[in-house]
Amino acid sequence: QVQLVESGGGLVQPGGSLRLSCAASGFTFSSYAMSWYRQAPGKERELVAGITSCSGRTNYVDSVKGRFTISRDSAKNTVYLQMNSLNAEDTAVYYCNALTIVGGVRLNYWGKGTQVTVSS
């Protein structure tokens, strides 16, 4: 069955770094666009970064541009989010998402999330 398993979250001081990983299984990883979303307490889930399936083109929410980097390793069926210069506003649960459209049908999968807390 489809699984997206996030790891790498934790507690980090302001200015620190973390690298999140999302291990994918149960589907053709190379055919899916992969994204990281986050949801802070009392806020809606927001798209943080995405990477396309073919070209590897990336996009980021403005608040993380220049600090976060999304990448994917098709040999390992894993997508990463390198997060640098973290601040308190980055505190949230981070979710991995896989998306593709086949025959007009949207196939969309989510991981269970990993907590990132930025605090001194």
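Parameters and conventions
Residues numbered from 1 in each chain as written. Predicted model: local features only at pLDDT ≥ 70, side-chain atom pairs only at ≥ 80, totals over all residues. Heavy atoms only, no water. Phe/Tyr/Trp six-rings, centres within 6.5 Å; stacked < 30°, edge-to-face > 60°. Helix = DSSP H or I, 4+ residues; strand = E, 2+ residues; numbered from the N terminus. Lys NZ or Arg CZ within 6 Å of the ring centre and 35° of its normal. Core = buried A, V, L, I, M, F, W, Y, C linked by side-chain atoms within 4.5 Å. Buried < 20%, exposed > 50% of the residue type's maximum accessible area, 1.4 Å probe, protein only. Contact = heavy atoms within 4.5 Å. 1 Å grid on protein atoms, 1.4 Å probe; cavity = no way out; pocket = protein on both sides within 12 Å on 5 of 7 lines; lining within 4 Å. Points joined across faces, edges and corners; volume = space filled by probe spheres on them. Pairing = 2+ DSSP bridges.

(A) The arrangement of the packing of aromatic side chains in detail. Scanning the model with the defined rule gives 4 aromatic pairs in all. Taking 4.8 Å as the distance between ring centres and 65° as the angle between the ring planes, the aromatic pair formed by Tyr 37 and Trp 110 counts as edge-to-face. Here Tyr 37, found in strand β4 (residues 33–39), pairs with Trp 110, found in strand β10 (residues 105–110); they are 73 residues apart in sequence, far enough to count as distant. Put simply, the rings of Phe 27, Tyr 32 and Tyr 109 pair up and form one aromatic cluster. Arg 45 extends its terminal NZ or CZ atom over the ring of Trp 110, reaching a point 4.6 Å from the ring centre. Sitting over the face of the ring of Phe 29, Arg 72 holds its NZ or CZ atom 4.4 Å from the ring centroid.

(B) The arrangement of the nonpolar core in detail. Of all hydrophobic cores here, the largest spans 28 residues; its most connected members are Met 34, Trp 36, Leu 81, Met 83 and Tyr 94. Those elements giving two or more residues to this core turn out to be β3 (18–25), β4, β5 (46–51), β7 (68–73), β8 (78–83), β9 (92–102) and β11 (114–118).

(C) Layout of the environment of Val 48. Turning to its location among the elements, Val 48 is positioned in strand β5. Among the residues examined, Val 48 registers a relative accessible area of 0% and is labelled buried. Counting along the chain gives 22 residues from Val 48 to Gly 26, while the straight-line C-alpha distance between them is 24 Å. In contact with Val 48, other than residues within four places in its own chain, are Trp 36, Tyr 37, Arg 38, Asn 59, Tyr 60, Val 61, Val 64, Phe 68, Leu 81 and Tyr 94.

(D) Examining the layout of surface pockets more closely. One number sums up the size of the largest pocket: a volume of about 150 Å³. For the lining of the largest pocket, the secondary-structure elements that each account for two or more residues are β4, β5, β9 and β10. The element that contributes the greatest number of residues to the lining of the largest pocket is β4, accounting for 4 residues.

(E) Layout of the pairing of β3. By the bridge criterion, 5 bridges tie strand β1 (residues 3–7) to β3 in an arrangement that is antiparallel. Bridge pairing in β3 links Leu 4 to Ala 24. Examined bridge by bridge, β3 and β8 share 6 bridges and lie antiparallel to one another. Counterpart to Ser 21 in the pairing with β8 is Tyr 80.

Don't take any of this as a statement about function, it's just geometry.
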